[in-house]
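Chains, contacts and geometry: an overview
Listed here are the chains, written in short residue letters.
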Amino acid sequence: MTKQNLLLTISVVLMGLYPFFFASGAELPLQKSAASLRRPNILFILVDDQSPFDFKFYDPNSSLQSPNIDRLAAQGMVLDAAHHMGAFVGAVCTPSRHMIMCGRTVWHLPISPEAGKYCPPNLEQNTLAAVFNRAGYDTMRTCKVGNSYEGANKQFTVRHDAGKRGGTDESGSPWHGDQVMNYLTQREASKDVDPFLIYFGFSHPHDTRDGRPELLEKYGAVNHTDQSTLPDSNPKQPALPINYLPAHPFPHGHPGLRDETTVSGVWAKRDERTIRNELGREFACSESIDIQVGRVLTKLEAMGELENTYIFYTADHGIAIGRHGLQGKQNLYEHTWRVPFIVKGPGIKPGSRAPGNIYLLDTVATLCDLAGIPAPESNEGLSFKPVLEGKQTTMREVLYGIYSGGTKPGMRCVKRGDWKLIKYDVLDGTVHETQLFNLANNPNEFLTEHGKKDSALTNLARDPKYAGKLAEMEKLLLSEMRRLNDPYRLWNQPDDGLTPPKAGKREKAKAK
Ligand SMILES: [Ca+2]
Ligand SMILES: [Ca+2]
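Procedures and definitions
Note that residues are indexed from 1 along each chain, following the sequence as it is written. Each chain gets a letter, beginning with A, and each ligand a number, beginning with 1, in the order they are written. It should be noted that, the model being predicted, local features are given only for residues of pLDDT at least 70 and side-chain atom pairs only at 80 or more, the latter also being counted only at that level, while totals for whole chains, interfaces and linings use all residues. Two strands qualify as a pair provided DSSP detects at least 2 bridges between them. Going along the chain from the N terminus, every DSSP run of H or I of four or more residues is numbered as a helix, and every run of E of two or more is numbered as a strand. Residue pairs qualify as contacts under a 7 Å threshold applied to their C-beta atoms, which are placed from the backbone. Here an angle of 0 to 180 degrees is reported between the N-to-C directions of two axes, which are lines fitted to C-alpha atoms, with helices fitted over the stretch in contact. An automatic or database domain assignment supplies the residue ranges for each domain. Residues are grouped as follows: nonpolar covers Ala, Val, Leu, Ile, Met, Phe, Trp, Tyr, Cys and Pro; charged covers Asp, Glu, Lys and Arg; every other residue, Gly included, is treated as polar. What makes a nonpolar core is a set of buried Ala, Val, Leu, Ile, Met, Phe, Trp, Tyr and Cys residues, with links drawn between C-beta atoms within 7 Å. Residues with at least 20 neighbouring C-beta atoms inside 10 Å of their own are called buried, those with 12 or fewer are called exposed, and the rest are partly exposed, where every C-beta is derived from the backbone.

1. Side note on the sheet that holds strand E12 (residues 398–403)
Spatial strand order, E4-E12-E13-E14-E15: 5 strands in an open sheet with mixed pairing. Of all the strands in the sheet, the pair left with one neighbour each is strand E4 (86–87) and strand E15 (431–438). Sheet analysis places strand E14 (residues 419–426) next to E15, joined by 8 bridges and oriented antiparallel. Looking across to E15, one finds that Lys420 is bridged to Phe437. Strands E12, strand E13 (410–416), E14 and E15 of the sheet are contacted by helix H15 (residues 467–483), whose axis makes an angle of about 110° with E13.

Written out as structure tokens, the structure is:
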């Protein structure tokens, strides 16, 4: 820090102008340079369908090469318990992206079957970009189109959305990178100094995972399109996931679900060659995203804007790809219910790590808090700035998740401390399953079918030793379902006099 900067900082504070600069009380540490008295920029990076366990900073055995995102993780904070709250439709993307944009819990979304009871009108005007526009931010967005929140997306002042899931510069992730690069180049040329909110979304690694040829080659994968044959095995392909199974032990409750049966390259197959090839394709697409992230970070640094920018990296939800014998995103295991989550920026300790216990729906509250903007009244999320500042390690004790896009009521889960309960009430009451995991001992949620010798590495729901813990978690799940206005009850819960919504045609339709 220069002497002039120090003097400026001190004089601003002494003159009592500090609150004037930060209208809603966002505080920046005094030791920051005068440059950071400017409101911070925000670069929010969102990818489509990516398990946290694809990354080395969540699974050191992963073979994904993502040097730029790894560096972000090393320079910022990694959150180990970041979740999406779930979905009441097969297209899990859609509720997830609504939650990101409006900060409301899953049953309180404008597309929820309970929206009439729980969602205020004109919510679009209180979504992320609308709020930042009013606060004087420049807002720009690139992302995939569809399965999203159009009313919120159109609030961005500059918008370049398109579905880009191909393997070339024009048809793949480089296109999204180009949109941000062009925007930053124009900003530089026009000497614009307004703070920005850039929503840097990608269409990958969502299927179809048509990777770039050189990256597919690196991961030993091919864009396999022939359902009658298996792709070649190749030692360069990623290993099978540690909790891979050739089939899920019981029906998960969404018959004919697109993600589990018709994704090109996998279909309903779960053999080793198919899964390893598809993981190779996923990694090729993720590395392509990493390259684009690197381009944009280099540009921000060259512009002198990097230091005053909060960078978020996350996904709309995880994905199975062979884990537990599943392929899609319609389950509540950690690989799918959790998302990767990194935040780097002013005041965040490099290389720090915390559970966080956050939801994606905390995004609005947190971005507003960092920018010194009051969160809209319709927001229900929590700002996790205290976690980012190292003042606390979690935002909440209990986490709740749903998948209710197939047969009803569907799946529910709840997590507190090391313990997690998942319940399945599907296929008209013909499947009633309960899973109890101690995640400290069994982070991969191994089941009996994984054949582990250690008796801790399995579902503990039927072990009489844990009957007390099971009862406690069952009670906790019911209380979360009540608190969050879940309109359904499971087979072993009181009906609470509810009339649950019926599955509509759309919910029965193919998930995207
Ligand atoms: Ca998605
Ligand atoms: Ca401007």
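So that's the structure; there's more coming.
2. Regarding the domain arrangement of the protein chain
Many structure descriptions define interface size as the accessible area lost when the parts assemble. Parsing the protein chain into structural domains produces domain 1 (35–396) and domain 2 (400–508). A C-alpha centroid distance of 26 Å is found between domain 1 and domain 2. Counting residues at the interface gives 29 residues for domain 1 and 30 residues for domain 2. Put simply, the parts of the chain that give the side of domain 1 that touches domain 2 at least two residues each are E4 and helix H12 (334–337). Looking at side-chain class alone, the side of domain 1 that touches domain 2 contains 17 nonpolar, 10 polar and 2 charged residues.

3. Some remarks on the nonpolar core
Nonpolar side chains tend to gather and get buried jointly when the protein is soluble and globular. Counting residues in each nonpolar core, the largest one holds 116 residues, and the members touching the most others are Phe44, Ile45 and Ile198. No other element matches helix H11 (residues 272–302), which puts 10 residues into this core.

4. Observations regarding the sheet that holds strand E1 (residues 41–48)
Overall, mixed pairing links the 8 strands, which are arranged E6-E5-E7-E1-E8-E9-E2-E10 in an open sheet. Sheet topology places strand E6 (158–161) and strand E10 (352–354) at the edges, where each strand pairs with a single neighbour. Strand-to-strand twist of the sheet, defined as the mean angle between neighbouring strand axes without regard to direction, takes the value 10°. Sheet topology note: the strand E8 (residues 309–315)/strand E9 (residues 341–344) ladder contains 4 bridges and is antiparallel. Bridged to Tyr313 within E9 is Ile342. Docked against the sheet, H11 engages E1, strand E7 (196–205) and E8, running at close to 160° with respect to E7.

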